[in-house]
Amino acid sequence: MLVLLEKGVSEGVVNDVAVRLRMLGLAVHRTDHDGSVRLGAVGDGVPVDWDQVRKWTGIRAVEPIPVPFKLVSRAFHPQPTLISVGRCTIGSDQLVLMAGPCSIESETQAFTVAAAVAKAGATVMRGGAYKPRTSPYSFQGLGEEGLKLLRRAADAHGLAVVSEVLDTQLVPQVARYADVLQVGARNMQNFALLREVARAGKPVLLKRGLAATIEEWLMSAEHLLSQGNAQVILCERGIRTFETYTRNTLDLNAVPVVKELSHLPVIVDPSHGTGIRDKVAPMARAAIAAGADGLIVEVHHDPERALSDGAQSLYPEQFRELVDQIRTIAGVLGRSVAAAR
Ligand code: PEP
Ligand code: MN
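Bear in mind that the values here come from a model prediction, so they are computed numbers and not experimental data. (Residues numbered from 1 in each chain as written. Chains lettered and ligands numbered in written order. Predicted model: local features only at pLDDT ≥ 70, side-chain atom pairs only at ≥ 80, totals over all residues. Heavy atoms only, no water.)

Visitor: When you look at the pairing of strand S10 (residues 180-183) in this model, what are you seeing that I'm missing?
Guide: The two faces of the sheet receive side chains in turn, since in a regular strand these alternate between them. Neither face of S10 is open: one carries Val180 and Gln182, the other Leu181 and Val183, and all of them are buried. In this structure, strand S9 (residues 160-164) lies alongside S10, joined through three bridges in parallel fashion. Of the residues in S10, the one forming a bridge with Val162 is Val180. Crossover connection from S9 via helix H5 (residues 171-177) to parallel S10: handedness right-handed. In this sheet, strand S11 (residues 204-207) lies alongside S10 in parallel orientation, the contact comprising three bridges. Residue pairing across strands places Val183 opposite Leu206, the latter belonging to S11. After leaving S10, the chain enters helix H6 (residues 191-199) and then returns to the sheet as S11, a path that is right-handed. (Buried < 20%, exposed > 50% of the residue type's maximum accessible area, 1.4 Å probe, protein only. Helix = DSSP H or I, 4+ residues; strand = E, 2+ residues; numbered from the N terminus. Pairing = 2+ DSSP bridges. Right-handed = clockwise from strand over helix to strand, strands pointing away.)

Visitor: Whenever I open this one, the coordination of the manganese ion (ligand 2) confuses me. Can you help?
Guide: Ideal donor angles around a metal are set by the shape: a four-donor tetrahedron calls for 109.5 degrees, a six-donor octahedron for 90 or 180 degrees. Within the first shell, the manganese ion (ligand 2) binds the protein through Cys102 (SG), His272 (NE2), Glu298 (OE) and Asp309 (OD), at distances of 2.0 to 2.4 Å. Expressed as a motif, the donor residue spacing for the manganese ion (ligand 2) is C-x169-H-x25-E-x10-D. Within this pair, whereas Glu298 is found in strand S14 (residues 294-298), its partner Asp309 is found in the loop between S14 and helix H11 (316-332), the two being separated by 11 residues in sequence. With relative accessibility at 18%, the residue Asp309 sits in the buried group. (Donors = N, O, S within 2.8 Å, 3.2 Å for Na, K, Ca; no water.)

Rendered as structure tokens:
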């Protein structure tokens, strides 16, 4: 339920209402909008006499939240959520560009790619140290060594860091090096992982599962918010369809749909979304045109020799060109991209 308080009520009244709702067995989450306090009172199967609650001091209205993803919904939180990562405020007019290799492979690779993506205008460096690979015989990532290289390379060029956490036990380690914790497509419904990642208190990049509906994806985000972490960036990365020419089918419908349903920022991954280098830029441009809050793009200085996802990795020069185009599209939409360094 959405419990709307009267404008100008004291913090004491807000507290009293929150405490009483908690005593009824509900979890209470607060948001402030337009000068009034809104409390999301959530909990399944708790019988509450809402007509009684309506009579409490300070209550303006009590309304149901008409979707299952309560805290993620615009009904609870009408204004967009802004998430500060490095030099960028994600969800604002400023588009976030995250770029880097699929996997961190070596010092030379990490530093070369960091220099290139920073110069082009990215503000966040991506790079996997723990990789979810379909084959157990494929490169699994450098582990903590990879995180160290990623952090050093990013720091050398003023970039923030996003990296995937594969496992609950790895959350503290990845959180030591990364500014944003990535939950991969394969783990979107790993609820134990979502709980641990939420509790790390850092922004989370939540990728859409390969076969997840938009509602399932938003419910996974709800797991994070219900654990008290509202810094969630949603990432559309393509879904599994009957189409086989591309690696996945990039569902750009999801961008305007999610923007309407939720206050959370949405970014797009055209690299995994297409799997084909020369299809990445057109879909990246389309994603921004569709209203995405940014992009996460795989870039490699020597993709022919990449240990993972070389076929979908842009050359640095292609990324630079793409960012220039994104700047133009951003201008049309009244948005901007951080200055190149
Ligand atoms: C990745 O970002 O390298 C990755 C493995 O992504 P996804 O979880 O979307 O497949
Ligand atoms: Mn990849």
